[in-house]
Amino acid sequence: MDFLNALVALSNFVLVPAIAYGSQLALGALGVTLIYGILRFSNFAHGDTMAFGAMIAVLVTWGLQAAGISFGPLPTALLALPFAILGCIVLVLITDRLVYRFYREQKAKPVILVIVSMGVMFIMNGLVRFIIGPDDQRFSDGARFIVSARDFKEMTGLREGLAIKTSQGITVIVAVVAVALLFWFLNKTRTGKSMRAYSDNEDLALLSGINPERVVMITWVIVAALATTAGVLYGLDKSFKPFVYFQLLLPIFASAIVGGLGNPLGAIAGGFIIAFSEVTITYAWKKVLTYLAPEQLAPSGLVQLLSTDYKFAVSFVILLIVLLFKPTGLFKGKAV
Amino acid sequence: MSEPVKNTLLFAVVGALILLTGFTQSWNAAILILNMGLISAVMAIGVNLQWGFAGLFNVGVMGFVALGGLAVVLFSTPTTPGAWSAGGFGIILALLLGAATVVATVLVAQKMPRGRLRTLTIIGILIVGFFVYRAVFDPNVAAVEAIDPAIAGHLGGLNLPVLLAWPAGGLLAAGAAWLIGKTALGLRSDYLAIATLGIAEIIIAVLKNEDWLARGVKNVYGIPRPAPVVGYEVELQQDPGFVARAEWLGLDPVTASTLSVKLGYSLLFAIVLLMLLWMAQMALRSPWGRMMRAIRDNEVAAEAMGKDVTRRHLQIFVLGSAICGIAGAMMTTLDGQLTPSAYQPLRFTFLVWVMVIVGGSGNNFGAVLGAFLIWFLWVQVEPIGLWLMNLITAGMPDGSALREHLIDSAAHMRLFTMGLILLIVLRFSPRGLIPEK
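Residues numbered from 1 in each chain as written. Chains lettered and ligands numbered in written order. Predicted model: local features only at pLDDT ≥ 70, side-chain atom pairs only at ≥ 80, totals over all residues.

When its secondary structure is counted, chain A shows 13 helices and two strands. Relative to the globule expectation of 20 Å for 336 residues, the C-alpha radius of gyration of chain A, 21 Å, shows essentially globular dimensions. Summarising its shape, the C-alpha atoms of chain A cover approximately 70 × 55 × 35 Å along the three principal directions. A fraction of 76% describes how many contacts in chain A between residues 6 or more apart in sequence connect residues 24 or more apart. (Helix = DSSP H or I, 4+ residues; strand = E, 2+ residues; numbered from the N terminus. Rg over C-alpha atoms; globule rule 2.2 N^0.38 Å. Contact = placed C-beta atoms within 7 Å.)

As structure tokens, then:
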């Protein structure tokens, strides 16, 4: 029995990737949940908004790289992030002005807005494919690892290595900063408070003189910033491919719903719940168990509960279980 | 202009567009559009049943279409020799054990009193059940997949006529829809949407990964055609009677044989479409159809009138999904192969939604019209886009990077155009081209 090696293997293959993935999901789910809280519909175009923001980051990164500008050991994409956020804000504000505002004034039913967001999804998807094409794009540079497996083994003398990719470290730090900023904004500033008031009770908020169009505009700005950040971090960690962002829609929605739609804290918790379940259920436990179990009981198979291709099934099953037993999510969400 | 005249004109316009393709491009292309248009129309009737009649937001159309395709493989392809004795029965046993685990869990959850004991029992049943299932399942799957993996490696089908597989596709999709509806239909509209979106992805994941079922991403080829209506080109070209008839029409035998095969499919698809359209029309006008629309427009009032909303929703969810399954079976028959990686949600779920909404949700003829029109555009936007890009870039110097990029990207105009059409229709004519009466 070798507890230490088991722990390192577990961190390397389960904890570190799941924390990074969970942060990306949490940022995505925060966007979905804010739209749901303020604009009161499920935004199917969210995955493609992320793709659009990330695409601008990729393009700006290429530009910076061509100009010979780099960010030392950190990826250049971080320098490109503010430009990408600006671009994405412009896109969503134009979309809101041309598309969503009309239905808001009509007081259209939420389901109509969902169908409208389907149309926006098509357009954004087409736009991204039109500009950058449907293929994989690599744009990460700088140092690849904070701690590489070999260094770790040399440092500690353990048999198992622990590798932490730069992208994983950055993901967690950026996510923490973004979430801290968001909560400070929502809880401490006047505008943030007016947003929460609008989300809680629209009529009362209107009565007390809150300008709804301003609240909606600020929501879109925040959502664009969160979506772009999530998209860039995901792209740095894995790779940028437009279709993958569309597929992220499912785990992101699962996170937001599991946490309780409209509840920012729930979105973060949901993101980590979904990420940890996906990774633990599709991980082959053989290595960890071999260290833990006595020799004669060592497992012969991979001890993988489900093949990795079924990760959607994991987020989905958790979603169903939570909805059946706690229809408004783990943290109390709202229902329109 | 009176209503019937306007509607006839709309259909005539779409017909003329397809004829125009025949005259300007090729008749093979025109009939291909017609065939996929017919299949899309069947899907649109299914979605219209769920959304237009009952207001159910199902974005898992792709999953049911794929199940229809699976049914074709399971019904009409030849059985793999030795697969059943090697592991087929073992797989069935494993699946039954898995189902028994789920049933036992549900029973325990319902019958035992709440408390720690129940939770522990449920967890125990699930864990033991899962490992027993995997212990039976894995070796049998390995045995089946080891049989001649280059051309088989799966159980194969029942070798029945392929036309029988179409209703079977409907039944398979209906069965899946019943299971899904039982768990997910109580949810609010947007939760149901996410749930169905997820189920469709899971169905595709199963098709891609379970090689013993339908060879996964290795695809199943050589699905038999519905003879004698649809023949094989080579046989037709060798038939002197057919060659003589082709010459009499002034066509060379090769073109004539490809056209004849495609027209055979068109005939079969048209028969299915007309039957389903007739049934959907009768349903819409019946008391049942009025009840459905009453439920859609005001659930609470309908419930107060004694209507069982949940059961009616389940009923129409199963019916609509079955129709999508039939369409999926028809499509796989037309392709002659099952390609799980070809199922994309944008193409098989959201495009069908665009068809229904553009055509007119709640109106069967609207859904059919939308299906033909949108499918025509989906096919033709690409050449039109290319032509447009060539026009725009005509002034640019040859070999300029922007020009090349624009021309290469013309293929992606499709999604953009579909989104634009959907948004324009929703904004300026939200009830569609042929609105509900």
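A separate point is the interface of chain B and chain A. Counting residues at the interface gives 33 residues for chain B, matched by 32 residues for chain A. The element best represented in the side of chain B that touches chain A is helix 7 (residues 189-209) of chain B, accounting for 13 residues. Tallied by class, residues from the side of chain B that touches chain A come to 21 nonpolar, seven polar and five charged. (Nonpolar A, V, L, I, M, F, W, Y, C, P; charged D, E, K, R; others polar.)

The biggest cluster of nonpolar side chains holds 225 residues, and the ones touching the most others in it are Val42, Ala44 and Met330 of chain B. The greatest single-element share of this core, amounting to 18 residues, is contributed by helix 1 (residues 3-38) of chain A. Apart from the residues within four sequence positions on either side, Met330 of chain B is in contact with Ile39, Val42, Trp166, Phe269 and Val272 of chain B. (Core = buried A, V, L, I, M, F, W, Y, C linked by C-beta atoms within 7 Å. Buried ≥ 20, exposed ≤ 12 C-beta atoms within 10 Å, placed from the backbone.)

Here we come to the environment of Arg40 of chain A. Residue and element names in this part refer to chain A. With respect to the helices, strands and loops of the structure, Arg40 is situated in the loop between helix 1 and helix 2 (46-66). A residue is classified by how many C-beta atoms lie within 10 Å of it, and Arg40, with 17 of them, is partly exposed. Placed 108 residues apart in sequence, Arg40 and Ser148 show a C-alpha to C-alpha distance of 45 Å.

Turning our eyes to something else, we now look at the domain arrangement of chain B. All names here are of chain B. If you check the domain split of chain B, you get domain 1 (3-79 + 156-428) and domain 2 (80-155). With centres defined by C-alpha atoms, the gap from domain 1 to domain 2 works out at 34 Å. Each partner contributes residues to the interface: domain 1 has seven residues there, and domain 2 has 10 residues. Tallied by class, residues from the side of domain 1 that touches domain 2 come to three nonpolar, two polar and two charged. (Domains from an automatic or database assignment.)

Of the residues in chain B, 100% have a pLDDT of 70 or more, and the chain-wide mean is 90. Confidence estimates for the predicted assembly give a pTM of 0.92 and an ipTM of 0.90. (pLDDT = per-residue confidence, 0-100.)

Residue and element names in this part refer to chain B. Even without being a glycine, Asp148 presents a positive backbone phi close to 45°. Note that Asp148 resides in the loop between helix 5 (116-145) and helix 6 (162-184). With 13 C-beta atoms counted inside 10 Å, the residue Asp148 sits in the partly exposed group. Although it is not a glycine, Arg215 adopts a positive phi angle of roughly 65°. Looking at the element boundaries, Arg215 is found in the loop between helix 8 (211-214) and helix 9 (233-238).

What follows concerns the environment of Leu289 of chain A. Residues and elements named next belong to chain A. Topologically, Leu289 is positioned in helix 12 (residues 286-292). Residues Leu289 and Leu302, spaced 13 residues apart in sequence, show a C-alpha to C-alpha distance of 9.9 Å. Apart from the residues within four sequence positions on either side, Leu289 is in contact with Pro299 and Val303.

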